[in-house]
Amino acid sequence: MIFPILRGILTPLQAPITFLLLALNLFVFLGTADQFFEADSQLESLTGDKDFLEVQGLAFATMIRGNKSGFSDVLGELAQKSLTGDIKSRQILGTLAFRNVAFMGNAETFDFGGDEVALEKWRSRFVEVQKLQSRHPSYLWGISRIKSDLIQFVSYQFSHSGFLHLFWNMIFLLIFGSFIESKLGGSFVILTYLGSGVGGALAFASISGISAAPLIGASAAVSGLIALVGMVWHKREKLKFFFWLLPIDGYFGMISLPSWVILFVSLLPDLSGFFSTGRDFGAVAYSAHLGGAAFGVIMAIFYRQGILQKEAEDGPNDQAPQNPFRKAG
Amino acid sequence: MVLEDNYSGPDSGRDLRDPNFAGNSGAARPIERQLANPMDRLAAVVADLILFVPLALLVVAPFSRRAKEAQLLGFEEAWFGAVLSAIFTAAFLFVILQTFFISVFGGTPGKLILKLRVVSAWGGTRPRPMDAFLRAIVWCMEAVLLGMPWLAVFGNQRRRPFHDRISDTLVVCLSPRRQVGTATVPEMSLAQGFQASSLALVTLALVANLIEYRKDHDAVAEAALRAEEEGRLCADVRESMREPSSEKSGGHATPHLKNRLSTALTMFTVGVLSRECLEAESDFAIWQNKEKALAYLGKSVVAGAKGKIDLQRSYLDRVCPPDKVRAESDLCRMAQALVIESELAKLKEAKASRATQTAVSKRQLALRQMMETVGPQNADYLRAKALQQARRQNRHERALALLNSLRGPKKLGAFVSRERAKVLWEDGRKNEAMLAMRSTADLLERGGRAELARWFCFHETFMSGNCNPESKFACEELREAVAGFDGRPLEHLMQRPEIATAYFRAQTCHARQTANQWRSLQGDLKDENAKVFVEALALLEEGAGQKAKDKFNSIVESRLQTGDKDHEPYVLEASSRLAEMARSPAQLTLVLHYWHQLAPGDDNWQLLGQRLVKKLNDLQAWRESVKIGSKLNQFAPQDRVTLQMLAIAARQAGELGSVSRLSIESSPQRGPASLPLEPKERVDGDQP
């Protein structure tokens, strides 16, 4: 395991902008938590029913059968299996239908044919689901087919789907945000954060397409900060990392490594995830992460070209740790 | 020799002063004393994995995507192919990276970070590319064995696992303080022992997993096949159908689909098709938007079988909308019959009252009238429904006529033959029944044959209450069928208690099983109820009737206390034995309590009721006899013999009026007017 530490987490006085962004994220999360968890549990109880999912899967399969060219081959195959009696495929399609814009947008009025009795029951529940979605914080703050205005391109960066999602994004925000703020200034942090968020959303919308499921989280914005650090300091100095090879003294600790390692360990998995996940099945928005990172790279280029100037001189230089093995030798 | 590890060549012990030696630190130490610490080597592997795995994941991403999609679609072979491709591609990448780094830099990135170097054992020089390549390939193969061979860094004197020995390399450390030198003898012994036992354990685990996987795989394949057959294609139905190629094209409803649905409905109605199969067939048609009315009928039948009465009505409204009732169409008649049946089911659950009874009778009559006119001109499923009705009413001629008109796949054919034999027996045409049974046996599998023989053996011995010659043939058939169960008759018997109880009767009647033989059989049994039952049979053979009764009573008592229905055939059989042995009505108290609690039950419950009526008449317990007889008649119109006994009991109990009404309502053709009203002479309980 290798984890970037850089300058560690600075104080709010040393990195006020980073802490402002952190506070905004926390404020949104805590402010919407009650509403979020309530709506989530209601949605779960509505959509967790197997019969409901099966009928939805069959309805989606009928829609796919009517317009094969509009859907991927995998969805086409699932539809075929669903319509010829495969229960598992129906349930999978039923779940995937929630992400599909064409289905979620038209299902209420679409003439599916099929089992009208089952569809009648399903439709009444589906309307309830849509009502719940329209007042769910993730759908109000995130980018989805329900709302994708300019304001959502910003607001989605401050909304999270759970405590762990928030925790890891904030850890990276604190590490990279405070590092950039101490080296280049707060405007770099805020510009990169917001710009990468928008860039991530644009990449997501253009590559993966706006989904019926909402895009939320600061991951794209944080990816931009990571890319900026990886690109700006890639030659000039080594950065501090925590490494853990074996649970034995001497095989874990701090190490200084070139900054490109950050790009390698942080962004390569996103690239692999993007290529290994089909468009219809991605629960993690890899394209948004990559879009955010691309904006971070652009910011780094602007800085290196002198288009953007740093605000402050470098803070007290954090001593890069020596290689523990060299020391031992 | 490459694999010889006792290095004793001319360069043995050579100082690493050669300028070509990548790790030359200038120190004049023999190469054996510069060997790397095994923990450093392990840490280097972890560091390599941290760097190489993200790269490998990127390279195998397309395979990973294919594997995910194949898994989603349930395409096992495609999934396996994609996973295998991913593993080989990743291994290839590891080989290339290792070869490059070792031959160019003298070590992989992890080794370089930890200041380790791979050197040739013959001079401390950097390995040649081919040696590095060979080393990398073997390293990957060892990785497949969960890295167990790498433990040789402790067990080999010069800390060389197989990949080092085949490429003739050593791993040394540039930092003198971290060099460990050759392994000591105790270290090697410990490591070799650990390695050998670990390898043995891993091999065992692999073999066990392989066997388990094979079993799972077979089970999954079987389940998939079953799902394929029952869910998607429903082989039982498909068998009788024409090939799909004979379908008319043009997107309209095809005769193929209609036949298929109609057959599924018929088979389900007579009880030879699973609910899942009918549901799959109906869903298939509905979502193809073809034959929707018939498919809705299928769905309504399934909903009814699931006990979802409201859902059933919703589907029936689609089959035959209330505003467009086409009373003459088969679909509508079937729908109406199902509506009446669901109403009857609701009424039977309602509180008993005069009004409820009238409503039940009214609906029963309507159903009977509706089914009365069903004939060969009607659809198969409607005839199957009429057959069900005729069987329930014990109208044997009508049932035979309907059975003769049913055509269908093998399973339906076997049902028709089997049912014909049973109807003939119930109609008293025992010789014809036996002939039918014998001819039917060839159509059936061993399990079905045993089931049919069980029915005959049980009915013959049960109703006659003794071991008459007529039962011998049926019971012999049963014994033969049981003996033919793959040499494991006992195991099969225990899985089917209803066959086991009939088999015990067959053994009692025709094999003259001794008490010792029963006890020896008892020792092989695992089921507690079966053990108690067989013990009672042994006691009967020994003439200890009272003790046997106590055993039978304990089975019935246990059932009443626990409510456990898993062993119902044993309880029914114990009850019937108690009925056969009773000398006074008081001895039947427990059995009567059980019978009333079970009502309304199945065919065997009815048989036990009939047996009780007979016995109670013999014991002149008229009121109880009327009570049971009336309940039986309410469940289904009874045969002539039972009605006769009921009429006698009613006359003796002074309740003839109520019985007459029941008989007339339920069986207008056979009112009790013509029945003899004199009681038979009292006889003692029969012994089995």
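My aim in this report is to walk through the structure given alongside it, one point at a time.

Rules used throughout
- Residues numbered from 1 in each chain as written.
- Chains lettered and ligands numbered in written order.
- Predicted model: local features only at pLDDT ≥ 70, side-chain atom pairs only at ≥ 80, totals over all residues.
- Heavy atoms only, no water.
- Phe/Tyr/Trp six-rings, centres within 6.5 Å; stacked < 30°, edge-to-face > 60°.
- Lys NZ or Arg CZ within 6 Å of the ring centre and 35° of its normal.
- Core = buried A, V, L, I, M, F, W, Y, C linked by side-chain atoms within 4.5 Å.
- Buried < 20%, exposed > 50% of the residue type's maximum accessible area, 1.4 Å probe, protein only.
- Helix = DSSP H or I, 4+ residues; strand = E, 2+ residues; numbered from the N terminus.
- Contact = heavy atoms within 4.5 Å.
- Disulfide = S-S within 2.5 Å.
- Pairing = 2+ DSSP bridges.
- Axes fitted to C-alpha atoms, helices over the stretch in contact; angles between N-to-C directions.
- Left-handed = near helix turned anticlockwise from the far one by under 90°.
- Nonpolar A, V, L, I, M, F, W, Y, C, P; charged D, E, K, R; others polar.

1. A short note on the packing of aromatic side chains
A complete count under the given rule lists 35 aromatic pairs over all chains for this structure. Looking at Arg260 of chain B, its charged tip hangs above the ring of Phe284 of chain B, at a distance of 5.7 Å from the centre.

2. Looking at the nonpolar core
Counting 160 residues, the largest nonpolar core has Phe103 of chain A together with Leu297, Phe456 and Phe504 of chain B as its most contacted members. When residues in this core are grouped by element, the largest group, ten residues, is from helix H14 (residues 330–349) of chain B. Setting aside residues up to four positions removed in sequence, Phe456 of chain B forms contacts with Ala421, Lys422, Trp425, Ala433, Met434, Met437 and Ala474 of chain B. The next biggest cluster of nonpolar side chains, apart from the first, holds 58 residues, and it includes Ile171 and Phe243 of chain A together with Ala43 and Val171 of chain B.

3. Quick notes on the state of the cysteines
Cysteine pairs can be linked by a disulfide, which is a covalent bond between their two sulfur atoms. All names here are of chain B. Tallied over the full model, the rule gives one disulfide over all chains. Here Cys320 pairs with Cys332 through a disulfide, and the sulfurs are 1.9 Å apart. Looking down the S-S bond of the Cys320 and Cys332 bridge, the torsion is 95°, so its handedness is right-handed. Here the residue Cys320 occupies a position in the loop between helix H13 (309–319) and H14, and Cys332 occupies one in helix H14, the gap between them amounting to twelve residues.

4. What to know about the sheet that holds strand E1 (residues 2–4) of chain A
All names here are of chain A. Strand order in the open sheet made by the three strands is E1-E2-E3, with antiparallel pairing throughout. With one partner strand each, in any of the chains shown, E1 and strand E3 (252–258) form the two edges of the open sheet. Adjacent strand axes in the sheet meet at a mean angle of 35° when their direction is disregarded. In this structure, E1 lies alongside strand E2 (residues 238–244), joined through three bridges in antiparallel fashion. Bridge pairing in E2 places Phe3 opposite Phe242.

5. A short note on the packing of helix H11 (residues 219–232) of chain A against helix H12 (residues 260–276) of chain A
All names here are of chain A. Where H11 meets H12, the axes come as close as 8 Å, and the angle between the chain directions of the two elements is 145°. Between H11 and H12 the crossing geometry is left-handed. Side by side, H11 and H12 meet where Ser223, Ile226, Ala227, Val229, Gly230 and Met231 of the first sit next to Trp260, Ile262, Leu263, Ser266, Leu267 and Asp270 of the second. Per-class residue counts for the contact of H11 with H12 are eight nonpolar, three polar and one charged.

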